[in-house]
Amino acid sequence: MRAIRGATTVSCDCAEEIRSAVGELLCKIKEKNSLSYSDIVCILLSNTSDIVSFYPAKAAREAGFSSCALYSSAEPEIAGALPLCIRVMVFAEGEGAAKHVYLRGAANLRKDLKKFAIALDGPSGSGKSTVAKRLAEEFDILYLDTGAMYRACALKALSTGCAFEEKALEPLIGALDLRILYRDGRQHTVLDGRDVSEEIRRPEVSMAASKISAFACVRKKMVEMQRKIAAEQSCVLDGRDIGTAVLPDAEFKFFITADSATRAKRRGRELEEKGYAVDYERLREEIEERDRNDSTRKISPLRRADDAELVDTSAMTIDEVVAYIKKKIQEKV
Ligand code: DC
């Protein structure tokens, strides 16, 4: 019999996030320890007392862990305890060392697992978001798509008819209700209580995001939010200014690029998969225009940090890029 420990955190006391976080944690424990459902005898779950909107045990049952005994309890309120935290102890048949799993903010509970950040910058279509997602899976860390945050600001400005001027944007951004949530291991961008993760991918939002990201009030607010998320856990962030401005002390920095025709081809394929008709020549022009906007703006332009390694992915597959970066990181740790 093995006793396997695990813990995770949620960003708020909301049922959907609790469901998803518990499911993710237990699935990771099952996968890492090569367990089948029938190997699991019982699971003890506990949560900090600031979690009241959903039983973690119910989340476990809903995630398929229902043939074993489940017991869930609230922890006493301890001053200074990690907030919004869910802990589990999984008792399972079998031999061998237990592989414990600590996700999100709970990784801080294990001082032996050093917190680190990976900064991936580069122009649009360079493949950095796909690479970032894969690295997050490989290292069991959080992925933050910072472009999605600028896209959400752009969507807000477009939908309210706000002028793209500093003075007009200040109150809009000051009152912005933007939350980044994680469900089923995926980032969800929630604007005014509505999940806009798909809507912000629309081509007109892409161009507006590039424009809005040049304004000081927008960047200030987004960078503050990004640093707050990154301070809590090991993570990989992708964007334009992560290595230069958001996390200049990130342990690992890469600048990912590819020629504009290759990038247009990649973006075009993604858009076609989502049902959009694509004019590749126009898309390449738009990408080049965005590159110009992003790299010539005054504040935090798209630029390779002096200590970031350049990775040109024009002739590489995603698997090759992930393997290359993973190797570089492992060589350093
Ligand atoms: O990565 P993306 O295409 O989703 O980003 C949309 C726009 O947001 C991009 O054109 C520039 C801006 N952006 C930024 O200025 N800084 C970041 N860290 C991320 C994105």
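From a predicted model like this one, the values you see are computed outputs, not experimental measurements.

Asks: So what exactly am I meant to see when it comes to the environment of C42 here?
Replies: With respect to the secondary-structure elements, C42 resides in strand β2 (residues 40-47). C-alpha separation for the pair C42 and G122, spaced 80 residues apart in sequence, amounts to 46 Å. In this structure, C42 is in contact with C68, A69, M89, V90 and F91, ignoring residues within four places of it in sequence.

Asks: How should I be thinking about the nonpolar core in this particular structure?
Replies: One recurring pattern in soluble globular proteins: nonpolar side chains tend to sit buried together. Judged by nonpolar contacts, the single largest core of 41 residues is most densely connected at L169, I212, V218, M222, L237 and L247. With eight residues, the single largest contributor to this core is helix α4 (residues 146-160). When neighbours within four sequence positions are excluded, L247 is seen to be in contact with A117, A230, L237, I242 and K253. In terms of nonpolar packing, the next biggest core, distinct from the first, is built from 26 residues, V10, L35, I40 and I43 among them.

Asks: Help me understand the packing of α4 against helix α5 (residues 166-174), please; the structure alone is not making it clear to me.
Replies: For any two helices packed against each other, the geometry is given by the interaxial angle and the distance between the axes. The geometry of α4 relative to α5 is characterised by a closest axis approach of 11 Å and an angle of 115° between their N-to-C directions. The orientation of α4 relative to α5 falls into the category roughly perpendicular. Considering the relative orientation of α4 and α5, their crossing is right-handed. Contact residues: C153, K156, A157 and T160 in α4; L169, L172 and I173 in α5. Across the contact of α4 with α5, the residue classes tally to five nonpolar, one polar and one charged.

Asks: What is the right way to read the sheet that holds strand β6 (residues 117-121) from this model?
Replies: Strands pair in a sheet through their backbones, by hydrogen bonds, and they do so in one of two ways: parallel or antiparallel. Spatially, β7-β11-β6-β12-β13 is the arrangement adopted by the five strands of the open sheet, whose pairing is parallel. Unpaired on one side and paired on the other, β7 (142-145) and β13 (309-312) mark the two borders of the sheet. Within the sheet, the average angular offset between the axes of one strand and its neighbour, ignoring direction, is 20°. The sheet contact formed by β6 and strand β11 (residues 235-239) spans five bridges and is parallel. Residue pairing across strands places I118 opposite V236, the latter belonging to β11. Running at roughly 40° to β7, α4 makes contact with β7 and β11 of the sheet.

Asks: Honestly, the sheet that holds strand β9 (residues 186-191) in this entry has me stumped. Any pointers?
Replies: Overall, antiparallel pairing links the three strands, which are arranged β8-β9-β10 in an open sheet. Both outer strands of the open sheet, β8 (178-183) and β10 (194-195), are each paired with one neighbouring strand and no more. As defined by bridge partners, β9 adjoins β10 across two bridges and the pair is classed as antiparallel. The residue bridging L191 from the neighbouring strand is R194, located in β10. Seen against the sheet, α4 touches β8 and β9 and runs at an angle of roughly 25° to β9.

Asks: Is there a simple way to think about helix α11 (residues 318-332) in this case?
Replies: Two residues of an α-helix separated by three or four positions point the same way, owing to the 3.6 residues in each turn. Here α11 is 15 residues long and its end C-alpha atoms lie 22 Å apart, about the 21 Å a rise of 1.5 Å per residue gives. For α11, every residue scored as buried is listed here: V321, V322, I325 and I329. The buried residues of α11 occupy an angular sector of 95° when the element is viewed end-on, so they sit on one face. The exposed set on the far side of α11, more than 90 degrees from its buried face, consists of K327 and E331. Where the residues of α11 are buried, they touch β6, α3 (128-139), β12 (252-257) and β13.

Asks: What is the right way to look at the pattern of salt bridges in this model?
Replies: Side chains that differ in sign of charge can pair as their charged atoms come close. Across all of its chains, the model carries 29 salt bridges by this definition. Measuring nitrogen to oxygen at the nearest pair gives 2.9 Å for the salt bridge that ties D145 to R201. Here the residue D145 occupies a position in strand β7, and R201 occupies one in the loop between β10 and α6 (203-212), the gap between them amounting to 56 residues. Residue E204 is joined to R202 by a salt bridge in which the shortest nitrogen-to-oxygen separation is 2.6 Å. What you see here is one network of salt bridges that share partners, running through E24, K28, K32, R104 and D140.

Asks: What exactly am I supposed to notice about the domain arrangement of the chain here?
Replies: Accessible area lost on assembly of the parts is the figure often given for the size of an interface. When its domains are assigned, the chain resolves into domain 1 (2-107) and domain 2 (117-332). Relative to domain 2, the C-alpha centre of domain 1 lies at a distance of 31 Å. The partner domain 2 presents eleven residues to the eleven residues of domain 1 that form the contact. Overall, the association of domain 1 and domain 2 removes approximately 960 Å² of surface from exposure, summing both partners, and the carbon and sulfur fraction of that is 45%. Among the residues domain 1 hides against domain 2, the three largest losses belong to E17, S20 and R104. Together they make up 47% of the total. Where domain 1 touches domain 2, the interface holds three salt bridges. Here K32 makes a salt bridge to D140, at a shortest N to O gap of 3.0 Å. The interface formed by domain 1 and domain 2 contains three residue pairs in polar contact (both at pLDDT 80 or more).

About the thresholds
- Residues numbered from 1 in each chain as written.
- Predicted model: local features only at pLDDT ≥ 70, side-chain atom pairs only at ≥ 80, totals over all residues.
- Heavy atoms only, no water.
- Helix = DSSP H or I, 4+ residues; strand = E, 2+ residues; numbered from the N terminus.
- Contact = heavy atoms within 4.5 Å.
- Core = buried A, V, L, I, M, F, W, Y, C linked by side-chain atoms within 4.5 Å.
- Buried < 20%, exposed > 50% of the residue type's maximum accessible area, 1.4 Å probe, protein only.
- Axes fitted to C-alpha atoms, helices over the stretch in contact; angles between N-to-C directions.
- Parallel < 35°, antiparallel > 145°, perpendicular 65-115°, else oblique.
- Left-handed = near helix turned anticlockwise from the far one by under 90°.
- Nonpolar A, V, L, I, M, F, W, Y, C, P; charged D, E, K, R; others polar.
- Pairing = 2+ DSSP bridges.
- Expected span 1.5 Å × (residues − 1).
- Arc of directions from axis to C-beta.
- Salt bridge = Lys/Arg side-chain N within 4 Å of Asp/Glu carboxyl O.
- Domains from an automatic or database assignment.
- Buried area = accessible area lost by both parts, 1.4 Å probe.
- Polar contact = N/O pair within 3.5 Å; in protein donor to acceptor, adjacent residues only side chain to side chain.

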